[in-house]
Amino acid sequence: MSKKLVIVESPSKAKTIQKYLGDDYIIESSYGHVRDLPKKDISIDLSNNFEPKYVVTDDKKDVVKKLKKLAKEVDEVLLATDEDREGEAISWHLCEILGIDTKTAKRITYTEVTKDAILRALANPRKLNMGLVYAQQARRVLDRIVGYELSPVLWKKVKPSLSAGRVQSVAVRIIVEREREITAFNADNYYKVTALFDVLDDKGKISILKAELSKRLATKAEAMALLEECDGATFSIANVEKKPSQKNPAAPFITSTLQQEASRKLSFPVGKTMSVAQKLYEAGHITYMRTDSVTLSQTAINSAVDAITSNYGEEYVKVRKYSTKAKDAQEAHEAIRPTNFSKVEAGSSYDEKRLYDLIWKRAIASQMASAKIERTIVSIDVSNSSEQFQAKGEVLIFDGFLKVYLEGKDEEDEDDDVSGMLPPLSVGQEVLLNEITATERFTKPGARYTEASLVKKLEELGIGRPSTYAPTISTIQKRNYVEKTNREGEERAYQVLTLNKEGINSSTATEITGAEKMKLFPTDIGMVVNDFLLEHFPDIMDYDFTAQMEESFDKIEDGKTEWSAMVSKFYKPFHESVEDTIEHADRASGERVLGKDPKSGLTLLVRVGRYGPMAQIGAQEETDKPQYAKLLSTQSIETITEEEALALFELPRVVGEFEGEEVKAAIGRFGPYLLHKKKFVSITKDSGQDPYTIKIADAIRLIEDKRVADANRFIMEFEEEGIQVLNGRWGPYIKKGKQNFKIPKDVEAEKLTLEEVQEIIVNQPVKKKRGSRAKK
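So, how was this worked out
- Residues numbered from 1 in each chain as written.
- Predicted model: local features only at pLDDT ≥ 70, side-chain atom pairs only at ≥ 80, totals over all residues.
- Heavy atoms only, no water.
- Helix = DSSP H or I, 4+ residues; strand = E, 2+ residues; numbered from the N terminus.
- Buried < 20%, exposed > 50% of the residue type's maximum accessible area, 1.4 Å probe, protein only.
- Contact = heavy atoms within 4.5 Å.
- Areas by Shrake-Rupley, 256 points an atom, 1.4 Å probe, with all protein chains shown as cover.
- Lys, Arg positive; Asp, Glu negative; His and termini not counted.
- Charge placed at Lys NZ, Arg CZ, Asp CG, Glu CD.
- Axes fitted to C-alpha atoms, helices over the stretch in contact; angles between N-to-C directions.
- Left-handed = near helix turned anticlockwise from the far one by under 90°.
- Nonpolar A, V, L, I, M, F, W, Y, C, P; charged D, E, K, R; others polar.
- Arc of directions from axis to C-beta.
- Patch = residues over 30% accessible without salt bridge, like charges linked within 9 Å, V, L, I, M, F, W, Y side chains within 5 Å.
- Salt bridge = Lys/Arg side-chain N within 4 Å of Asp/Glu carboxyl O.
- Parallel < 35°, antiparallel > 145°, perpendicular 65-115°, else oblique.
- Pairing = 2+ DSSP bridges.
- Core = buried A, V, L, I, M, F, W, Y, C linked by side-chain atoms within 4.5 Å.
- Phe/Tyr/Trp six-rings, centres within 6.5 Å; stacked < 30°, edge-to-face > 60°.
- Lys NZ or Arg CZ within 6 Å of the ring centre and 35° of its normal.
- pLDDT = per-residue confidence, 0-100.

Let's talk about the overall build of the protein chain
Turning to step 1, where the next piece is worked out: Counting secondary structure elements, the protein chain contains 20 helices and 30 strands.
Turning to step 2, where the next piece is worked out: C-alpha extents for the protein chain along the principal axes are approximately 95 × 80 × 65 Å.
Turning to step 3, where the next piece is worked out: Across the 776 residues of the protein chain, 48% fall into the buried class.
Turning to step 4, where the next piece is worked out: Across the protein chain, every contact between residues at least 6 apart in sequence was considered, and the portion connecting residues at least 24 apart equals 69%.
Turning to step 5, where the next piece is worked out: Here the protein chain displays about 41200 Å² of accessible surface, and carbon together with sulfur accounts for 47% of that area.
Turning to step 6, where the next piece is worked out: When the 117 basic and 125 acidic side-chain charges of the protein chain are each reduced to a single mean position, those positions are 6 Å apart.

Here's the deal with the packing of helix H5 (residues 130-157) against helix H14 (residues 524-536)
Turning to step 1, where the next piece is worked out: Contact geometry for H5 and H14: axes closest at 12 Å, N-to-C directions at 115 degrees. In the packing of H5 onto H14, the handedness of the crossing is right-handed. The residues of H14 that touch H5, namely those facing Leu150, Val153, Leu154 and Lys157, are Val529, Phe532 and Leu533.
Turning to step 2, where the next piece is worked out: Each residue belonging to the contact of H5 with H14 can be placed in one class, and the counts come to six nonpolar, no polar and one charged.

Here's the deal with helix H4 (residues 115-123)
Turning to step 1, where the next piece is worked out: Buried residues of H4: Ala117, Ile118, Ala121 and Leu122, and no others. End-on, the buried residues of H4 take up no more than an arc of 135 degrees, which puts them together on one face. Looking at H4, the residues exposed on the side facing more than 90 degrees away from the buried face are Asp116, Arg120 and Ala123.
Turning to step 2, where the next piece is worked out: Residues of H4 that are buried make contact with helix H1 (11-20), strand E2 (25-29) and strand E7 (76-79).

Points about a negative patch on the surface
Turning to step 1, where the next piece is worked out: Among the surface-exposed residues, Glu576, Glu579, Asp580 and Glu583 lie close enough to one another that they form a single negatively charged patch.
Turning to step 2, where the next piece is worked out: Residue aspartate 580 is classed as partly exposed on the basis of its relative accessible area of 43%.

Details of the packing of helix H2 (residues 61-73) against helix H3 (residues 85-98)
For any two helices packed against each other, the geometry comes down to the angle between their axes and how far apart the axes lie.
Turning to step 1, where the next piece is worked out: At their nearest, the axes of H2 and H3 sit 10 Å apart, and the two run at 70 degrees to each other. One way to sum up the angle between H2 and H3 is to call them roughly perpendicular. The handedness of the crossing between H2 and H3 comes out as right-handed. Here Val64, Leu67, Lys68 and Ala71 of H2 lie close against H3, whose contacting residues are Leu94, Ile97 and Leu98.
Turning to step 2, where the next piece is worked out: For the contact of H2 with H3, the per-class residue count stands at six nonpolar, no polar and one charged.

Topic: the sheet that holds strand E20 (residues 603-609)
Turning to step 1, where the next piece is worked out: Strand order in the open sheet formed by four strands is E19-E20-E21-E22, and the pairing between neighbours is antiparallel. Two strands close off the open sheet at either side, each with one partner strand: strand E19 (592-596) and strand E22 (627-630). The average angle at which neighbouring strand axes cross in this sheet is 25 degrees, direction not considered.
Turning to step 2, where the next piece is worked out: Bridge analysis of E20 against strand E21 (residues 612-617) gives six bridges, and the strand direction is antiparallel. Bridge assignment links valine 608 to a residue of E21, and that residue is proline 613.

Let's talk about the nonpolar core
Turning to step 1, where the next piece is worked out: In this structure, Tyr110, Leu355 and Phe574 are the most contacted members of the largest nonpolar core, which totals 152 residues.
Turning to step 2, where the next piece is worked out: Sorting elements by how many residues they give to this core places H5 first, with ten residues.
Turning to step 3, where the next piece is worked out: Membership of the second largest hydrophobic core comes to 28 residues, among which are Val193, Ala223, Leu226 and Phe389.

A word on the packing of aromatic side chains
Turning to step 1, where the next piece is worked out: Scanning the model with the defined rule gives eleven aromatic pairs in all.
Turning to step 2, where the next piece is worked out: Put simply, the rings of Phe537, Phe545, Phe570 and Phe574 pair up and form one aromatic cluster.
Turning to step 3, where the next piece is worked out: One residue, arginine 441, lies across the ring of tyrosine 494, its end atom 5.0 Å from the ring centre.
Turning to step 4, where the next piece is worked out: The ring of phenylalanine 521 carries the charged tip of arginine 487 above its face, separated from the ring centre by 3.8 Å.

A closer look at the pairing of strand E16 (residues 490-500)
Turning to step 1, where the next piece is worked out: Bridge count for strand E14 (residues 430-442) against E16 is four bridges, and the pairing is antiparallel. Residue pairing in the sheet places alanine 438 in a bridge with leucine 497 of E16.
Turning to step 2, where the next piece is worked out: Sheet topology places E16 next to strand E17 (residues 503-513); eleven bridges connect them, and they run antiparallel. Paired with glutamine 495 across the two strands is threonine 508, which belongs to E17.

Points about the environment of glutamate 591
Turning to step 1, where the next piece is worked out: With respect to the element layout, glutamate 591 can be found in the loop between helix H17 (563-584) and E19.
Turning to step 2, where the next piece is worked out: The residues touching glutamate 591, leaving out its near neighbours within four places in the chain, are Leu605, Val606 and Arg607.

Things to note about the confidence of the model for the protein chain
Turning to step 1, where the next piece is worked out: The pLDDT averaged across the protein chain works out to 91; a share of 96% of its residues lies at or above 70.
Turning to step 2, where the next piece is worked out: Per-element confidence in the protein chain ranges from a low mean pLDDT of 87 for strand E27 (residues 714-718) to a high of 97 for helix H11 (residues 350-365).

Digging into the sheet that holds strand E25 (residues 671-676)
Turning to step 1, where the next piece is worked out: Pairing is antiparallel across the open sheet formed by four strands, whose spatial order is E23-E24-E25-E26. Edge strands, defined here as strands with exactly one partner in the open sheet, are strand E23 (653-658) and strand E26 (679-682). Averaged over neighbouring strand pairs, the angle between their axes works out to 30 degrees when direction is ignored.
Turning to step 2, where the next piece is worked out: Pairing of E23 with strand E24 (residues 661-668), which is carried by five bridges, proceeds in the antiparallel orientation. Residue pairing in the sheet places arginine 653 in a bridge with alanine 665 of E24.
Turning to step 3, where the next piece is worked out: Contacts from helix H19 (residues 696-713) reach E23, E24, E25 and E26, with the element oriented near 70 degrees to E23.

Okay, structure coming up:
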């Protein structure tokens, strides 16, 4: 009997497929890409059609060795990696290292890891799609060129150790521009007027009717004038309008909408969503999760209809066929859906079960009937005024798809004030005023981006593809160009005017405004790099240009463009810009002059320095010894005031005395800290303290907490040998000088003798630090 080797890219997928196939098949994993461009240099032959120089990565040498051995032992090799550009590229690389002719290589594809899908794929192998391979290669080569040529420019002109990416830089630009819009925004105030009326029915029962003035009032004077007109006025129903309406379900998930909804409803970062979805896919629970197609196969629709009929009844069924809006939709060919609609729950972990539930509900809802709603709009006249109040209500006549699922929103609309069922009302009916409230409100700037809303924006602009959203957002955070964080709001006063039986009353209330939760903020270095790239590389930072690059990749995939010609067209003007910038551009630091230091008379400025954003007293031309102070994590060089910057130079300051010695507060390279008896204690964000205002009682508490933590960390010490046994984050370990050594799991650290410790040190190789080289 002949043997066949099936190669997938994931061990968990290999495990699932092995269950479906018999002993005639060997299922092995490549563990992702087996070849890549080496990290040490650009590895692209710029003078030879941009030919990439791929190598087998060190961590894949054993994998490749095993695959080569197996390939020689079998009669046929089948390449079963994912059906997208990355998957096709992995299959091509496997052909290259296993010596398989790419023209005759057998490629099997599927969008779900189920037995039927795998058997169908085995029965219908296809050839390698070199269009997909070249499109992936063009992206990889282009991004390597941009990264390797732009990054040294940033090292010389902005700050060492920076890096730049093609799509990532545009993503940072989106966040920077939104932040500056918010900073520059001046809120306008207005008055929102609401009223509560008592409605008396035939039986004498009183119902409350909530209504809102049909327009906003610009000033407090206008609001006061309206309340004065309403004082003593009569109110009657001018019109009752009832409209039948319906809500339709959203299309089943594609990559971007899954990331957005998982963020809204499950609070998943986009990277986590893709990781969890990958596990569900590889276990055979859902279809392929990198897709921009909303279509469902007829088999899937039939399966969904059966599940809806069984669970909810025939009246809830409404077959719908969705079409993809993206003009160049590619990757996989079906929406993200369960592989088995009768399976209401799936997944091996809590997160997998939650995400599967979301996918199941969205896909089921997409084939359900619309929700039928009756909307009512009531207009209320004021006898002493030309203004009208409006009451809105809606009644759910038939729940339809809402029985299962309702799509979430990124930002709640405070003006979306719709009541449920309104009391019975008729034209001419008089209603009794209970209370009118005019509340001062303020206009808002555009909301800061969450990871989910950034994905939506990238998709709208045509930047990136399903496989690139998550790594793009992850990369800009790792490079410290953007941070995802919470921000405390500020207290704001607002005016409230009230008309009730006691007359008109004016009062002042307060609220917290500007609080943010898990939003994306640009860092100072992110803004400086953004401005520098915008000035010197406008094409790279242009939204339309970046979207056009994506379209070029699509043309390569379709065979309409040759990949190296596309890269060549990009490279020449880009390289010229790089050389010109290195030669002629000034250094960029985001420098901003705030004023003069009152003590020295020297210039006070803020800028990005070698170790990050800082304040400086004394410009370069004024003094040889300027003073420096690090900005707090909550401060920015774009918004810090002169007073706040001067306060930074008050450090280090003496907080008080403890155990007969001074306690000092300061800011260092790694953040705020206390210094007491030559020992450092970090002032963390969690402590709620800062070095400028911390009091001695709070400082003592931090010092004592640190002592307790250090005591718990210490197990034993062999002082003469310079050896310590300590508790660490990952368990007990041995420390000798600057080297750490693992303690075997079956060894009790507390009972170690000096001889046993020395034996562990001798038998455990010392790890070399990254970047170190062996001496000749």
